[in-house]
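Listed below, chain by chain, are the residues.
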Amino acid sequence: MTVENKVALVTGAGQGIGRGIALRLAQDGFDVAVADLDFQKDKGLGVVAEIEALGRKAAFVTADVSKREDVVAAVDTAAEKLGGFDVIVNNAGIAQVKPLLDITEDELNKIFQINVNSVVWGIQAAAAKFEELGHGGKIISAASIAAIQGFPILSAYSASKFAVRGFTQAAAQELAPKGITVNAYAPGIVGTGMWELIDAELSKINGKPLGQNLKENVDGIALGRIETPEDVAKVVSFFAGPDSDYVTGQVLLVDGGMLYN
Ligand SMILES: NC(=O)c1ccc[n+]([C@@H]2O[C@H](COP(=O)([O-])OP(=O)(O)OC[C@H]3O[C@@H](n4cnc5c(N)ncnc54)[C@H](O)[C@@H]3O)[C@@H](O)[C@H]2O)c1
Ligand SMILES: CC(=O)[C@H](C)O
């Protein structure tokens, strides 16, 4: 499937799943804005170079997605630099490994500002840009298996992903009259920096050697291997392309066989 003259913005695209999504959308024919925190600029510029090597236009945009003004500015910059705006992927997010009884007010506020508020800001900014440009568009956000089932030690993270699912379902209904679809992808265990952190934090809690917690979780995956960013990007490619024009408000599990709707 290829698209013509379409522009996508992917947040948290300096590494991991976001980088995989940005490269896949470039392969699909999108010009892509790569948004990430300032400290990730070198990595983000590397992703820009990879996209340009695929023959597409790209730009790096510094943005802290917990800040509404940053997300609005990122959308404006993407549209201005790349000549349009059609898809936003609210991918950026953080994990938090903590027994519920130990979660602090700052920790809870931080994970919701980054994982949840960012999705609201992305929905608002994208919908406003689509309206300004006189067309509909596609809004895609990062959920998780943790949006379907709450996981112990990941309670705040799970709650944040349940919230992404709720906003996806509600926004889909509110924005349908504007020709905007709103969907989310729900990966399982993806081999990125996020799981390196989760594995290390679990080791501190349960004393297992580094890598053991990850291995034990991967051993429970029906398809028998860890997920890759490219596995996730295939689902986002579907949601970003015309084949999903009649799909909205959905959270699609792409977990190799862990949870079953
Ligand atoms: N890794 C997994 O197993 C997994 C599973 C399900 C869902 N997810 C979700 O997929 C998304 C990407 O995860 P990943 O594994 O690639 O994580 P990662 O930690 O490898 O990368 C996250 C990226 O987001 C960026 N980021 C973090 N906070 C930001 C902020 N405030 N503003 C802008 N950018 C910010 C980071 O700089 C980084 O580039 C997240 O929303 C995560 O919750 C991951
Ligand atoms: C990090 C994530 O969303 C799942 C729990 O692996």
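Structural data are supplied above this passage.
Note that the structure is a prediction, hence the values are computed from the model and not measured.

Novice: Any chance you could explain helix H2 (residues 41–53) here in plain terms?
Specialist: Since the α-helix turns once every 3.6 residues, residues separated by three or four places project in the same direction. Between its terminal C-alpha atoms H2 stretches 18 Å, which fits the 18 Å expected from 13 residues at 1.5 Å a residue. When H2 is considered as a whole, its buried residues turn out to be Gly44, Val47, Val48 and Ile51. The buried residues of H2 occupy one face: seen down the axis, they fall within an arc of 105 degrees. Exposed residues on H2 whose side chains face more than 90 degrees from its buried face are Asp42 and Ala53. With its phi angle positive at about 90 degrees, Gly55 sits one or two positions after the end of H2.

Novice: Could you clarify how one ought to interpret the sheet that holds strand E1 (residues 6–11) in this entry?
Specialist: Pairing between the strands of a sheet comes from backbone hydrogen bonds, and it takes one of two forms, parallel or antiparallel. A sheet is described by the order of its strands in space; here seven strands give the open sequence E3-E2-E1-E4-E5-E6-E7, paired in parallel fashion. A single partner strand is all that each edge strand has here, and the edge strands are strand E3 (58–62) and strand E7 (251–254). Adjacent strand axes in the sheet meet at a mean angle of 20 degrees when their direction is disregarded. Here strand E2 (residues 30–36) runs beside E3; their pairing, made up of five bridges, is parallel. Bridging from a neighbouring strand, Ala35 pairs with Val61 of E3. Strand contacts of helix H1 (residues 16–28): E1, E2, strand E4 (87–90) and strand E6 (180–187), with the helix running at about 165 degrees to E2, the strand carrying the most contacts. Sheet strands in contact with helix H3 (residues 68–82) are E1, E2, E3 and E4, and its direction is about 155 degrees off that of E3.

Novice: Help me understand the packing of H3 against helix H4 (residues 105–133) in this model?
Specialist: For any two helices packed against each other, one specifies the inter-axial angle together with the distance between the axes. Viewed as axis vectors pointing N to C, H3 and H4 meet at an angle of 35 degrees, and their least axial separation amounts to 9 Å. When the axes of H3 and H4 are compared, the crossing they make is right-handed. The segment H3 lies against H4, with Arg68, Val71, Val72, Val75, Asp76 and Ala79 engaging Trp121, Gly122, Gln124, Ala125 and Lys129. Considered class by class, the residues forming the contact of H3 with H4 number six nonpolar, two polar and three charged.

Novice: Teacher, can you tell me more about the site of ligand 1 here?
Specialist: Close to ligand 1 lie 28 residues; Asp36, Asn91, Tyr157, Val190 and Thr192 are nearest. At 3.5 Å, a backbone N or O of Ala63 approaches a nitrogen atom of ligand 1. Between ligand 1 and Val65, the relevant distance is 3.0 Å, taken from a nitrogen atom to a main-chain nitrogen or oxygen of the residue. Surface burial for ligand 1 is 94%, taken as the share of its 830 Å² of free accessible area covered by protein chains. Judged by the fraction of its atoms near the pocket grid, ligand 1 is located in the largest pocket. Looking at the shell around ligand 1, the elements with two or more residues in it are H1, helix H5 (155–175) and helix H6 (193–206). Element by element, the count of residues in the shell around ligand 1 is highest for H6, at three residues.

Calculation rules
- Residues numbered from 1 in each chain as written.
- Chains lettered and ligands numbered in written order.
- Predicted model: local features only at pLDDT ≥ 70, side-chain atom pairs only at ≥ 80, totals over all residues.
- Heavy atoms only, no water.
- Helix = DSSP H or I, 4+ residues; strand = E, 2+ residues; numbered from the N terminus.
- Expected span 1.5 Å × (residues − 1).
- Buried < 20%, exposed > 50% of the residue type's maximum accessible area, 1.4 Å probe, protein only.
- Arc of directions from axis to C-beta.
- Pairing = 2+ DSSP bridges.
- Axes fitted to C-alpha atoms, helices over the stretch in contact; angles between N-to-C directions.
- Contact = heavy atoms within 4.5 Å.
- Left-handed = near helix turned anticlockwise from the far one by under 90°.
- Nonpolar A, V, L, I, M, F, W, Y, C, P; charged D, E, K, R; others polar.
- Near = heavy atom within 4 Å.
- Polar contact = N/O pair within 3.5 Å; in protein donor to acceptor, adjacent residues only side chain to side chain.
- Areas by Shrake-Rupley, 256 points an atom, 1.4 Å probe, with all protein chains shown as cover.
- 1 Å grid on protein atoms, 1.4 Å probe; cavity = no way out; pocket = protein on both sides within 12 Å on 5 of 7 lines; lining within 4 Å.
- Sits in = over half its atoms within 2 Å of the grid points.

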